[in-house]
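Listed below, chain by chain, are the residues.
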Amino acid sequence: LKLPYRPKNIVVIGCGTSYHSGLMGCRYFEKYLGIKSECILASEFVSEEYIIGENTVAIVISQSGETADTLLALDKLKALGIYVVAITNVSTSTIVGKCDKSIFLNAGREVGVASTKAYVCQVLACMMLSTAWRGMGYSAGATECDISHSWVEEWNDVFKTLCKLNITDIDHNIQELVGLCKSASAIHIIGKGVDYITS
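Anyway, here's the lowdown on the structure attached to this text. (Residues numbered from 1 in each chain as written. Predicted model: local features only at pLDDT ≥ 70, side-chain atom pairs only at ≥ 80, totals over all residues. Heavy atoms only, no water.)

## Overview of the overall build of the protein chain
If you tally the helices and strands in the protein chain, you get 8 helices and 5 strands. For the protein chain, the N- to C-terminal ordering of α and β elements is β-α-β-α-β-α-β-α-β-α-α-α-α. The globule rule puts the C-alpha radius of gyration for 199 residues at 16 Å, and the 18 Å found for the protein chain is close to it. Overall, the C-alpha framework of the protein chain stretches about 50 × 40 × 35 Å when taken along its three principal axes. When each of the 199 residues of the protein chain is scored for burial, the buried share is 36%. Pairs at least 24 residues apart make up 68% of the contacts formed inside the protein chain by residues separated by at least 6 positions. The averaged location of the 20 negative side-chain charges in the protein chain is 3 Å from the averaged location of its 17 positive side-chain charges. (Helix = DSSP H or I, 4+ residues; strand = E, 2+ residues; numbered from the N terminus. Rg over C-alpha atoms; globule rule 2.2 N^0.38 Å. Buried < 20%, exposed > 50% of the residue type's maximum accessible area, 1.4 Å probe, protein only. Contact = heavy atoms within 4.5 Å. Lys, Arg positive; Asp, Glu negative; His and termini not counted. Charge placed at Lys NZ, Arg CZ, Asp CG, Glu CD.)

What follows is the structure, given as structure tokens:
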């Protein structure tokens, strides 16, 4: 996914579940690219005045590609002349038609508001995008000699590991956890770093 310029800033826009995957994405963009990244709720971006720096790249995330606030934010970004990349699950959506580039999740139909498949795929897309852009030399302070396509091998290893997971064991662990939690009056979820965002 080539960009017209090396980004100095990355802005991620989304609502609900997509906003939370964007929070994860910003951590990866900063970790792998060393580029200042900010995730903003689409409704806040529309109603407030945000300072957008030079050579900013925006990423809009929407499972359906039709999220009203995200579409309004996208219109505002385009009016500012910002290069925009979409991450969406629907290749024929309105957001795709308005963005400069698009990443399709192919996560399958999402029937719940508490999006699960799309969320996992959105986070993976952000992780892959950050390592791909690093491999293309978009990281802060990168030179031509830093450009490497080793990210392809990195992700081949990740997917090989995912394919080895035993879903039956995972499901059993989840059912056991649900049994422990179902009668609780309160649940405290604690995390650090990206696990804090998941929490």
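## Topic: the nonpolar core
The biggest cluster of nonpolar side chains holds 23 residues, and the ones touching the most others in it are L3, I10, V12, F29, I59, I87 and W133. Residue assignment for this core shows that the elements contributing at least two residues are β1 (9-14), α1 (16-33), β3 (56-62), β4 (83-88) and α5 (117-135). If we ignore the near neighbours within four places in the chain, the residues touching F29 are I10, V12, G34, I35, S37, I59, C126, L129, S130 and W133. In terms of nonpolar packing, the next biggest core, distinct from the first, is built from 16 residues, A58, L77, A86 and I95 among them. (Core = buried A, V, L, I, M, F, W, Y, C linked by side-chain atoms within 4.5 Å.)

## Some details on the layout of surface pockets
In this structure, the largest pocket occupies an estimated 220 Å³ of space. Of all elements in the fold, only α1 and β3 reach the threshold of two or more residues within the lining of the largest pocket. Looking at the lining of the largest pocket residue by residue, the class counts come to 3 nonpolar, 10 polar and 1 charged. (1 Å grid on protein atoms, 1.4 Å probe; cavity = no way out; pocket = protein on both sides within 12 Å on 5 of 7 lines; lining within 4 Å. Points joined across faces, edges and corners; volume = space filled by probe spheres on them. Nonpolar A, V, L, I, M, F, W, Y, C, P; charged D, E, K, R; others polar.)

## Observations concerning the sheet that holds β1
Ordered in space as β2-β1-β3-β4-β5, the 5 strands form an open sheet in which the pairing is parallel. Every other strand in the sheet has two partners, leaving β2 (36-41) and β5 (101-104) as the edge strands with one partner each. For this sheet, the mean angle separating the axes of adjacent strands, direction not counted, is 20°. Sheet analysis places β3 next to β4, joined by 6 bridges and oriented parallel. Each residue of the ladder has a partner; that of I59, found in β4, is V85. Those strands touched by α1 are β1, β2 and β3, and its axis lies near 175° from that of β2. Packed on one face of the sheet, α5 meets β1, β3, β4 and β5 and runs near 160° to β3. (Pairing = 2+ DSSP bridges. Axes fitted to C-alpha atoms, helices over the stretch in contact; angles between N-to-C directions.)

## A look at a nonpolar patch on the surface
Residues V158, F159, L162, L165, I167, I170, I174 and V178 make up a contiguous nonpolar surface patch of roughly 660 Å² in combined accessible area. Looking at the nonpolar patch, the elements that each hand over two or more residues are α6 (150-163) and α7 (167-181). The element that contributes the greatest number of residues to the nonpolar patch is α7, accounting for 4 residues. Along the chain, the position of V158 falls in helix α6. The exposure class assigned to V158 is partly exposed, which follows from its relative accessible area of 32%. (Patch = residues over 30% accessible without salt bridge, like charges linked within 9 Å, V, L, I, M, F, W, Y side chains within 5 Å. Areas by Shrake-Rupley, 256 points an atom, 1.4 Å probe, with all protein chains shown as cover. Salt bridge = Lys/Arg side-chain N within 4 Å of Asp/Glu carboxyl O.)

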